[in-house]
Amino acid sequence: MEETARETWLLLIHQIPPEPGYLRVKIGRRLQRIGAVSIKNSVYVLPHNDQFHEDFQWILREIGAGGGDAMVCEAAFIEGLSDSQVKHLFQSARDEDYRKFSQEANQLNAFLSKLSDDDPRWPQSRRDFSRLKRRLEELAAIDYFNAPGKGEAEAALLALEGGMRKLEAGATHQPAADTVPETYHGRTWVTRAGVNVDRMASAWLIRRSIDRAARFKFVSGRNYSPAAGDLRYDMFEAEFTHEGEDCTFEVLMRRMALDDPALTDISEIVHDIDLKDGKFERPEADGIGRVIAGIVMTRNDDEERLARGMDVFDDLVETFRRAPKRKS
């Protein structure tokens, strides 16, 4: 009688020191993000393939850099835990994620049913919808064994999209540049030389949605005395610059009342790249950050950087606008 072929799995086994306390939280989030599940204390499993092997190796390095110990092993379960039981652990973990997702989506849909399209809470609801949509995509990407709860989560998102469309029909979207107060039209926008992500993205936003005739000037910084008609951004004592936890791009959006989900997506990416605080945990931030770094490394002229950066953000906004919609 032939034995049933056993599957091979990848195990990450670690010991993390109690201090610094944030390391355990950080590693836990990393493991959760790649969809690993715990089979016992400090032992995590993933299906065996090259990508997951690389994911575990990166986490192993982080643990080592933080003063901990870890190893990655290939394993087959012989006794005590079967392959089907391990798969069930993955399904159970994703089902719990899907359950929480469905609950949040249904709560937001119920909230939308009480809103009018001019309610001041409507823009935040749109951002919440975009966040939930991204969240379901992330969950589906780590649902390795087709958890049953996925169908319910997709149905909750479809219902939420229906509620969003009902409000979208009468909602006020971002103003075009010609609806921004005329005081911001045809101005010279001044910023620090050596532009990087926030200044590139902000210049793109200014020319696209605030001042189509904008001219840009690059100066040394603190010692600059603005000329008549100058508007400064992302520099010392500027009219538009970082405020609290917001980068300049976010400040421009808020103060110009630019309400557009695609621009909100970009603002979160720019924030994560510029401030490096992981506030929005945008998966695109690393890739876009590398593209911007390439522009900075290969172009010394600020006008060239802006031109190339504007092309990048033109393509990015279209990516978000043309993202496939689920059919109802």
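So, a few notes on the structure that sits alongside this text. Small disclaimer: the values here were computed from a predicted structure and weren't measured. (Residues numbered from 1 in each chain as written. Predicted model: local features only at pLDDT ≥ 70, side-chain atom pairs only at ≥ 80, totals over all residues. Heavy atoms only, no water.)

Digging into the side chain of Asp246
Locating Asp246 in the fold gives a position in the loop between strand S7 (230-232) and helix H7 (248-255). Under the relative-accessibility criterion, Asp246 is labelled buried at 18%. A polar side-chain atom of Asp246 sits 2.7 Å from a polar atom in the side chain of Arg254. Leave out the neighbours within four places in its chain, and Asp246 touches Val251, Arg254, Leu275 and Lys279. (Helix = DSSP H or I, 4+ residues; strand = E, 2+ residues; numbered from the N terminus. Buried < 20%, exposed > 50% of the residue type's maximum accessible area, 1.4 Å probe, protein only. Polar contact = N/O pair within 3.5 Å; in protein donor to acceptor, adjacent residues only side chain to side chain. Contact = heavy atoms within 4.5 Å.)

Here's the deal with unusual backbone geometry
One non-glycine residue, Ala257, lies in the positive phi region at around 55°. Its location among the elements puts Ala257 in the loop between H7 and helix H8 (261-275). Positive phi outside glycine occurs at Lys276, with the angle close to 55°. Here Lys276 is to be found in the loop between H8 and helix H9 (285-298).

Notes on the side chain of Asp230
By the secondary structure assignment, Asp230 is in strand S7. You can call Asp230 buried: its relative accessible area is 8%. A polar atom in the side chain of Asp230 sits 3.0 Å from the backbone nitrogen of Ala227. The residues touching Asp230, leaving out its near neighbours within four places in the chain, are Arg187, Thr188, Val190, Lys217 and Tyr224.

What to know about the sheet that holds strand S4 (residues 69-75)
The antiparallel open sheet is built from 4 strands, whose spatial order is S2-S3-S1-S4. Two strands bound the open sheet, and with one partner strand each, they are strand S2 (37-40) and S4. Neighbour to neighbour, the strand axes of the sheet diverge by 30° on average, direction disregarded. Strand direction decides the pairing type here: S2 and strand S3 (residues 43-47), joined by 3 bridges, are antiparallel. When the sheet's bridge partners are listed, Lys40 is paired in S3 with Val43. This element, helix H3 (residues 83-112), spans strand S1 (9-15), S2 and S3 of the sheet and lies at about 135° to S2. (Pairing = 2+ DSSP bridges. Axes fitted to C-alpha atoms, helices over the stretch in contact; angles between N-to-C directions.)

Digging into H7
Among the 8 residues of H7, 6 are classified as buried, and the element is accordingly described as predominantly covered. Of all the positions in H7, only Thr248, Phe249, Glu250, Val251, Leu252 and Met253 are classed as buried. Looking at the buried side of H7, the elements it contacts are helix H6 (197-210) and H8.

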